[in-house]
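Letter by letter, the chains look like this.
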Amino acid sequence: MRFFEYESRAIVAKAGIPVTRHGFAKTPEEVRTIAAEIGGPVVIKSQVLTGGRMKAGGVQFADTPEEAEGHARHVLELEIGGHMPRGVLVDSKAAVKHEYYAGVVWDGIRKRPVMLFSDMGGIDIEEVAEQHPDHVARMHFSTLRPFADWQAKQLIASLGVSGSALSRLTPILARLARLFLDYDMTLAEINPLGQLDDGSFVALDAHMDMENEARPRQKALLHELGVGDEETRQAREPTPFELAGEQVDAQDHRGVAGNVTEFDGNLGLVIGAGGGSLTLFDAVRAHGGDPANYCEIGGNPSVRKAKGLAKLVLSKPGVDKIAVMMSIVSNTRVDIVARGVIKACVELGFDPAEKITIFRIPGAWEEEGFKILERYGVDYADRSVSLHEAARRAVEKIQGTGASNGAGDGFRQTTGDVGAETDV
Amino acid sequence: MSILLDENTTFIVQGITGREAVNLTRECLDYGKGAKIVGGVTPGRLGRDVHGVPVFDTVAQAVEHHGGPIDGSVVTVPPAFTKDAVFEALENDVKLVVIVTERIPRGDVAEMVELAAERGARIIGPNCLGIIVPDVIKMGGIGGPAKDAAKSYRPGPVGVISRSGGMTTEMSSTLSAAGLGQSTAVSIGGDAIIGSTYAELMPLFEADEETQAIVIYTEPGGRMEAELARWVTENNSRLPIVAFMAGRFMDEMPGMSFGHAGTIVEGKEDTASEKIARLAEAGIVVAEEISEIPTIVKEKMGARV
C-alpha cells in the first residue's frame, strides 16, 4: 500500500531522518497558517497517490502566506490523473546545494533488500541507472543481521563521496535501511535527499510503499498515521461492485470467493483459482469475449460465499450470462461451487441452464457436482475440455444470444420444483 | 528418478492439527507408496495423533522420537507464526521445507531463505501446494486427495515447475492425458520472494536422468523468468523448456495485483509481453494455450533424440 508524501515524511522523521519544516493542510486557510508559521518561501504540493504532479500544476511556489493560500485554492481543486488530492503539503523552500538519492527495494532474485544510492538525485533513479550507471551504487544486505553503519558508509564512499558529506549521509542511509525492514516496506525512497548550503542533509521528498500482507502487524504505525483499515490504497480506488465483492468474501472465513475487479463487458465470470483465473480471463479475451469482471474462488469456500459471488456477478448491470470455470481443483469442492451458482440463479429468478454458459470445474467431488448440474440442465465440462476451449464455448454462447437479451429475458421458471431448489 | 523427494523421504507436518493440515496429512499418507510422515507439530498438543501420525509440541521432540534426522517439513501454520516454525525446522536440521502458508510478509520470507542458505537447506514456497513424484510420493496438498491426484499425475519424462498450485495440476493433467507423464512436479509458490525459483530447480532436473523436458507456468511480476532465460543461455541446458504465460491482460493494469501476491507489475521487465520476449530469446517456446503444450513438448523431445 502506498503512502501519501505527507505520511512518508512522517515515517522518515520518525526514523530520525531530518526533514524540512512542513505541514499538511486540507483548506486554503490552513495552508496560510502553516506558511506563516514556517516563514519565508514555501512549496505547495498536491497530495495524490499518483505521479506527474509537477507537470499537472500540482506543485506551486509561494513567497508569502497570502500567495500560498491562493495557490492552495487552485491545487486543492485540481484533479491529477483521475485522483482528487487528499490535501496539500506545505513545505519550506530549502536552499539546496546538491541533490542525492537514497532508496531501498526488494530484489526477488537475490531474495534480499537492495539499497541504491546516487549523487544525482531529483530525477527518476531508473533514468539515472540507464544513462549514468557510474552514478548509481547498489548494495544487498542481510535481513538476519542488524544493518550496520559501515555498510551505508561503504556504499556512499563507493561513489567517491567523502568528507563531512560521507559522515552526515551515513546515519541517514542506515536509518532508511532499518525503517525499510522495521516497517515492512516494499519501497522506501528519499528523492531528493538534499544537501543544504550549511552542509546538512534533509529529505526533500519521500516515497514509501508498505506490503499489504504486513498491515496486520503494522497497525501501530498505521494508526499513528491515521490510515484506516478500509483504505485499500490500490492503484485504483475500489468500485462499489468491488467493495460488495469484499463483503461477500468476508461473510465467513472458509476459503476465498472474492478478489473481484470490475470490467465493463457482458460475460460475468465466476472463476478460480489464482493461476486459473489469470489463464481464464486471458482465454475469454483471446476468443473475443468481453468479461464483466475478474474474480477468484479457492480454498474451498462455503456454498453461501460461492452463491454470494455468483449473485453479485449475475446482478451486475450489463451482464447477460455467466461462465463458471476453474482449473482442476484439489481442495475446493466442485459440488459446493455448483450448488452456490445454481442457488444464485434460482434465487434471482433465472434459469441456471440459460444463465450459465458453461460450468468447467473438474476435480474434487466432481461426480457429485456434475449430478447437480445435470439436474438443472447446465452445460458442464470435465478436464478433457481445456480452459481455453471452455472459454471459447462461453464466448460463443453469449455472442450467439445477440445484444438485445438483457436481464429481463432470464425470468423463466426452472424445470426443477421449488422445494428441491432450496436444498440444492 | 525424481528431484527433491523419493519414496524414502521422511517429513513432518508443522501445524498438523489445523483443518487443511489434517486433510493434507491424509492425502499424503494415501498417495503413491504412502508418505513417511514421521510426526506432526502443534504446540500444546503433545500426545495426540492425526490419522495415526503422532503429534509433538516441538520439532526437537519429533526428531528425538524418530531417532534420527528428518528430511523435510510441510509448514501450514498461520502467517504470523510461520517464520518461527521454519526457523525451528531449520535449526533442527530439516533440509527441505515446504511452506504452504500464504500472506507472509517478504521480510519474513527473506529471513527464512537466508537462514536456509546458511544451514544448507532448501525452501519451496511460500504460498505453494508442494511437490509430487507421480505414483510415489507427494509432500503437500498438491493434486488433492490421493484418488484425485492419481487422475492428474502420471510418471514420465516431464519436469513441471509452476508459480500456481492449481495450474501445476491443470498442466500435468493435460500432459498425462497426452501420454506425457511427469518426473516431478513442483508448485514453487506465487509470492514475490520464494525459496526456490525456476533457475534454482533447473540444475536438479538437469541432473535427473528421467527428466527429458520441462514445462513451466509463469505470470507477470518479478524477474524470475528472466533469471531462467539467463540460466538456460549460460548453462547450455539439455532440457527443452515449454512455458505458458497467464495474466497477459495485466500488462494494461500496472500497479495492480491479480491471482497471487507476486504478480504486481512494478516495472517494464515485470510485464507478460517482456517476459515472453525474454523466454523466447533463450529458445524457450511460449505456448498460446495449455492444450498445445503436449504437442510442442513431443516435438522438442523428438528433436533432441
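The numbering scheme is per chain: residues are counted from 1 as the chain's sequence reads. Labels are handed out in written order, letters beginning with A for the chains and numbers beginning with 1 for the ligands. This being a predicted model, a pLDDT of at least 70 is required before a residue's local features are given, and a value of 80 or more before pairs of side-chain atoms are given or counted; all residues contribute to the totals for chains, interfaces and linings. In computing side-chain properties, one takes all heavy atoms of the structure into account and sets aside hydrogens as well as water.

Quick word on the overall build of chain A
1) Next: Strands here are runs of E lasting at least two residues and helices are runs of H or I lasting at least four, both read from the DSSP assignment and numbered beginning at the N terminus. Per the secondary structure count, chain A includes 16 helices and 15 strands.
2) Next: What you see for chain A is a C-alpha radius of gyration of 28 Å, clearly larger than the 22 Å of a compact globule of 424 residues, by over 25%.
3) Next: In terms of principal-axis extent, the alpha carbons of chain A reach across some 85 × 50 × 40 Å.
4) Next: Buried residues are those whose accessible area, probed at 1.4 Å on protein chains only, stays under 20% of the maximum for their type, while exposed residues exceed 50% and partly exposed ones sit between those limits. Among the 424 residues that make up chain A, the fraction classed as buried is 56%.
5) Next: Note on contacts: a residue pair is in contact if any heavy atoms of the two residues lie within 4.5 Å. In chain A, 69% of the contacts between residues at least 6 apart in sequence involve partners at least 24 apart.
6) Next: Accessible surface for chain A amounts to roughly 17,300 Å². Of this, 50% is attributable to carbon and sulfur atoms.
7) Next: Residues counted as positive are Lys and Arg, residues counted as negative are Asp and Glu, and His and the chain ends are not counted. Working definition for charges: the position is that of NZ of Lys, CZ of Arg, CG of Asp or CD of Glu. Across chain A, the centroid of the 47 positively charged side chains sits 4 Å from that of the 61 negatively charged ones. Throughout, the radius of gyration refers to the C-alpha atoms, and the reference size of a globule is 2.2 Å times the residue count to the power 0.38. Residue-level accessible areas treat just the shown protein chains as cover; the underlying method is Shrake-Rupley with a 1.4 Å probe.

Describing the sheet that holds strand E14 (residues 285-287) of chain B
All names here are of chain B.
1) Next: Any two strands between which DSSP finds at least two bridges are classified as paired. Spatially, E9-E8-E11-E10-E12-E13-E14 is the arrangement adopted by the seven strands of the open sheet, whose pairing is mixed. In this open sheet, the two strands that pair with only one neighbour each are strand E9 (137-139) and E14. Direction aside, the axes of adjacent strands within the sheet are offset by 20 degrees on average.
2) Next: Alignment of strand E8 (residues 130-133) against strand E11 (residues 182-187), held across three bridges, turns out to be antiparallel. Paired with Ile132 across the bridge in E11 is Ala185.
3) Next: Strands in contact with helix H7 (residues 198-207) are strand E10 (155-162), E11, strand E12 (213-218) and strand E13 (241-245); relative to E10, the strand with the most contacts, it is inclined by about 160 degrees. Lines fitted to C-alpha atoms define the axes, with helix axes restricted to the stretch in contact, and inter-axis angles between N-to-C directions lie between 0 and 180 degrees.

Comments concerning the interface of chain B and chain A
1) Next: Contacts between the two partners involve 61 residues from chain B, matched on the other side by 44 residues from chain A.
2) Next: Interface area lost by chain B to chain A is led by B:Glu114, B:Glu170 and B:Phe249, which between them contribute 15%.
3) Next: The term salt bridge refers to a pairing of a side-chain nitrogen on Lys or Arg with a carboxyl oxygen on Asp or Glu at a separation within 4 Å. Where chain B packs against chain A, one counts 10 salt bridges.
4) Next: Of the charged contacts, one joins A:Arg360 and B:Glu170 as a salt bridge, the two residues approaching to 2.7 Å between their closest N and O atoms.
5) Next: Residue assignment for the side of chain B that touches chain A shows that the elements contributing at least two residues are helix H1 (19-30), helix H4 (106-118), helix H5 (146-152), helix H6 (165-177), helix H8 (224-235) and E13 of chain B.
6) Next: Residues are grouped as follows: Ala, Val, Leu, Ile, Met, Phe, Trp, Tyr, Cys and Pro are nonpolar; Asp, Glu, Lys and Arg are charged; all remaining types, including Gly, are polar. For the side of chain B that touches chain A, the class distribution of residues is 24 nonpolar, 18 polar and 19 charged. Two parts placed together each lose some accessible area; with a 1.4 Å probe, that loss summed over both constitutes the buried area.

Let's talk about helix H2 (residues 59-66) of chain B
Residue and element names in this part refer to chain B.
1) Next: Inspection of H2 places Val59, Ala62 and Val63 among the buried residues, and these make up the whole buried set. The buried residues of H2 occupy an angular sector of 100 degrees when projected down its axis, which confines them to one face. Residues of H2 that are exposed and angled more than 90 degrees away from the buried face: Glu64 and His65.
2) Next: Those residues of H2 hidden inside the fold are in contact with strand E1 (10-14), strand E2 (36-41), strand E4 (53-56) and helix H3 (79-91).
3) Next: At the C-terminal side of H2, Gly67 shows a positive phi close to 85 degrees. Here the arc refers to the set of directions running from the helix axis out to each C-beta atom.

Concerning unusual backbone geometry
1) Next: With an omega of -15 degrees, the peptide bond running from A:Gly272 to A:Ala273 counts as cis.
2) Next: The residue A:Ala273 is located in the loop between strand E12 (267-272) and helix H10 (274-286) in this model.
3) Next: The residue after B:Gly125, namely B:Pro126, is reached through a cis peptide bond having omega 10 degrees.
4) Next: Tracing the sequence through the fold places B:Pro126 in the loop between strand E7 (122-124) and E8.
5) Next: The phi dihedral of A:Lys111 falls on the positive side, at around 65 degrees, and the residue is not glycine.
6) Next: Counting through the fold element by element, A:Lys111 comes out in the loop between strand E5 (96-107) and strand E6 (112-118).
7) Next: One non-glycine residue, A:Asp184, lies in the positive phi region at around 55 degrees.

Structural notes on the sheet that holds E7(B)
Residues and elements named next belong to chain B.
1) Next: One open sheet accounts for seven strands, arranged E3-E4-E2-E1-E5-E6-E7; its pairing is mixed. Unpaired on one side and paired on the other, strand E3 (49-50) and E7 mark the two borders of the sheet.
2) Next: Examined bridge by bridge, E2 and E4 share two bridges and lie parallel to one another. The residue bridging Gly40 from the neighbouring strand is Val55, located in E4.

A look at the environment of B:Leu46
Residues and elements named next belong to chain B.
1) Next: In this fold, Leu46 is placed in the loop between E2 and E3.
2) Next: Separated by 60 residues in the primary sequence, Leu46 and Arg106 place their C-alpha atoms 31 Å from one another.
3) Next: Contacts of Leu46, omitting those with residues within four sequence positions, involve Val55, Phe56, Asp57 and Gln61.

Quick word on the side chain of A:Ser386
1) Next: Tracing the backbone through its elements, the reader meets A:Ser386 in the loop between helix H14 (366-375) and helix H15 (387-400).
2) Next: Under the relative-accessibility criterion, A:Ser386 is labelled buried at 18%.
3) Next: The residues touching A:Ser386, leaving out its near neighbours within four places in the chain, are A:Arg360 and B:Ser291.

Here's the deal with the pattern of salt bridges
Residues and elements named next belong to chain A.
1) Next: Taken as a whole and judged by the stated rule, the model has 53 salt bridges over all chains.
2) Next: When the shortest N-O distance is used, the salt bridge between Arg73 and Glu69 registers 2.7 Å. Taken as a pair, Arg73 and Glu69 lie in helix H4 (residues 65-75) at a separation of four residues, close to a single helical turn.
3) Next: Arg73 sits in the partly exposed class, given a relative accessible area of 43%.
4) Next: Residues Lys307 and Glu347 are paired through a salt bridge, measuring 3.2 Å at the closest nitrogen-oxygen approach. Of this pair, Lys307 sits in helix H11 (residues 303-314) while Glu347 is found in helix H12 (residues 334-347), placing the two residues 40 residues apart along the sequence.
5) Next: Judged by its relative accessible area of 18%, Lys307 falls in the buried class.
6) Next: The exposure class assigned to Glu347 is partly exposed, which follows from its relative accessible area of 44%.
7) Next: Among the charged side chains, a network of salt bridges with common partners joins Glu5, Arg9, Lys45, Arg53, Asp91 and Asp205.

A word on the side chain of A:Lys45
1) Next: When you line up the elements, A:Lys45 lands in strand E2 (residues 42-46).
2) Next: Not counting residues within four places of it along the chain, the set of residues in contact with A:Lys45 comprises A:Glu5, A:Arg9, A:Arg53, A:Gly58, A:Val59, A:Gly87, A:Val88, A:Leu89, A:Leu204 and A:Asp205.

Notes on the packing of H12(A) against H14(A)
Residues and elements named next belong to chain A.
1) Next: Running from N to C, H12 and H14 point in directions that differ by 25 degrees, and their axes come no closer than 7 Å. By the angle between their directions, the pair H12 and H14 is classed as roughly parallel. On the side of H12, the interface is formed by Val334, Asp335, Ala338, Arg339 and Ile342, while H14 contributes Glu366, Glu368, Gly369, Phe370, Ile372 and Leu373.
2) Next: The residue makeup of the contact of H12 with H14, split by class, is six nonpolar, one polar and four charged. Oblique is the label for every angle not falling under 35 degrees (roughly parallel), over 145 degrees (roughly antiparallel), or within 65 to 115 degrees (roughly perpendicular).

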